Amino acid sequence: MASAHPLRPGDPERVGDYEVLGFIGEGGQGTVLLGRSPSGQEVAIKILRAEFSQNDDARRRFLREAELMQRVAPFCTIRILDAGWTERSPYIISEYIEGESLEDLVRRDGPRTGSGLSRLAVATLTALSAIHRAGIVHQDFKPSNVLMGPEGPVVIDFGIARVLDTTGTVSQVVGTPSFMSPEQVEGRGITPASDMFSWAATMIFAATGRLAFHGDTIPAILNKVMNAEPDLTGVPHPLNIFVGDCLQKDPRRRPTAKNVLSAITGEIPVLPRDPSGRKPAVGPSGTKVLRTELAVPPVA
């Protein structure tokens, strides 16, 4: 998270048992403050924004974020420490990680390269594997939701994440246009494959500094998500192969986070590309693998 700024007029001086030290930022759903626990630990305090505090659905969704995050293994995601209510709004207490978002870092310092880009890919895939294993779709994976902490990348902001239903899908139009999957744009039921599309778009931004799908208006962006092929120029090899597979318009043709992670780290064999391009190659056990003819060396 970014460094804290002085408190603004109207910001609380305490939230529950936590002393408030400064203002970190504000998003679509909540205000984030820097706090101190009774034991002296610095924490991040997220409070539902005042304009939503009287909305029952908004309050439930806000606290649902804490519940979902607690279901995910703590590596590569922020650990939830507490949650509760002030007189006006619910709040979530999480560990405080000093750092900036991937979006801010790339815009300031330029694209990620070399082993730094490889570590980013591995860390974010590890986080998505854990999220999906918990039966959750993040739904808003993007550069601003990857925090570049001192110990490595951390996936944040589960504000619109949803638990998969009995069919393995969720059905809502939510997300950030340039990083939404085609099925999100259409409002169809989405699966973890939607997060993989967003992951690939995020990797293009990290490697090149440009958006995979851009336009002057939201409709123009969404039209490109649905119909245009992204420009992978500048995405290094072999990451460009995995990114290309994850940007398939048909979610059934995208590999899982676990598959991509295993291929990048050399844990699974990478079989030859199906010449027809219609389906992934299939190994002897019947397991679908990535569609590439290139050997993938372990990440340094």
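Residues numbered from 1 in each chain as written. Predicted model: local features only at pLDDT ≥ 70, side-chain atom pairs only at ≥ 80, totals over all residues. Heavy atoms only, no water.

## What about the overall build of the chain?
(1) Moving on: Each helix and strand counted, the chain has eight helices and eleven strands in total.
(2) Moving on: For the chain, buried positions account for 48% of its 300 residues.
(3) Moving on: Here the contacts in the chain between residues at least 6 apart in sequence split such that 55% fall between residues at least 24 apart.
(4) Moving on: With the model as given, the accessible surface of the chain reaches about 14100 Å², and the carbon-plus-sulfur share is 51%. (Helix = DSSP H or I, 4+ residues; strand = E, 2+ residues; numbered from the N terminus. Buried < 20%, exposed > 50% of the residue type's maximum accessible area, 1.4 Å probe, protein only. Contact = heavy atoms within 4.5 Å. Areas by Shrake-Rupley, 256 points an atom, 1.4 Å probe, with all protein chains shown as cover.)

## Overview of unusual backbone geometry
(1) Moving on: A cis amide bond, omega 5°, links H237 with the succeeding residue P238.
(2) Moving on: Summarising the element assignment, P238 is placed in the loop between helix 6 (218-227) and helix 7 (239-246).
(3) Moving on: Located in the positive-phi region is Q139, a residue other than glycine, with phi close to 75°.
(4) Moving on: Relative to the elements of secondary structure, Q139 occurs in the loop between strand 8 (136-137) and strand 9 (146-149).

## Quick word on the nonpolar core
In globular proteins that are soluble, nonpolar side chains generally tend to be buried together.
(1) Moving on: L120, L125, M196, W199, L239, V243 and V260 are the most contacted members of the largest nonpolar core, which has 47 residues in total.
(2) Moving on: Here the element with the most residues in this core is helix 5 (residues 192-208); it accounts for ten residues.
(3) Moving on: Ignoring any residue separated from it by four or fewer positions in sequence, one finds V243 in contact with W199, A200, M203, I204, L232 and V235. (Core = buried A, V, L, I, M, F, W, Y, C linked by side-chain atoms within 4.5 Å.)

## Side note on the pairing of strand 6 (residues 90-95)
(1) Moving on: Of all the six residues making up strand 6, six are buried; the element is thus mostly covered by neighbouring parts of the structure.
(2) Moving on: As defined by bridge partners, strand 4 (residues 42-48) adjoins strand 6 across five bridges and the pair is classed as antiparallel. Counterpart to A44 in the pairing with strand 6 is S94.
(3) Moving on: Connecting strand 5 (residues 80-85) to the antiparallel partner strand 6 that follows it, the hairpin turn spans four residues. (Pairing = 2+ DSSP bridges.)

## Quick word on helix 3 (residues 114-133)
Each full turn of the α-helix corresponds to 3.6 residues, which orients residues three or four apart in the same direction.
(1) Moving on: The terminal C-alpha atoms of helix 3, which comprises 20 residues, lie 29 Å apart, in line with the 28 Å expected from a rise of 1.5 Å per residue.
(2) Moving on: Buried residues of helix 3: L117, L120, A121, A123, T124, L125, A127, L128, S129, A130, I131 and H132, and no others.
(3) Moving on: Once helix 3 ends, the next one or two residues include G135, with phi positive near 80°. (Expected span 1.5 Å × (residues − 1).)

## Focus: the sheet that holds strand 5
(1) Moving on: Read from one edge to the other, the open sheet built from six strands follows the order 1-2-3-4-6-5, with strand pairing classed as antiparallel. The two strands at the open ends of the sheet, each matched to only one other strand, are strand 1 (14-15) and strand 5.
(2) Moving on: Bridge analysis of strand 1 against strand 2 (residues 18-26) gives two bridges, and the strand direction is antiparallel. Note on strand 2: the bridge partner recorded for R14 is E19.

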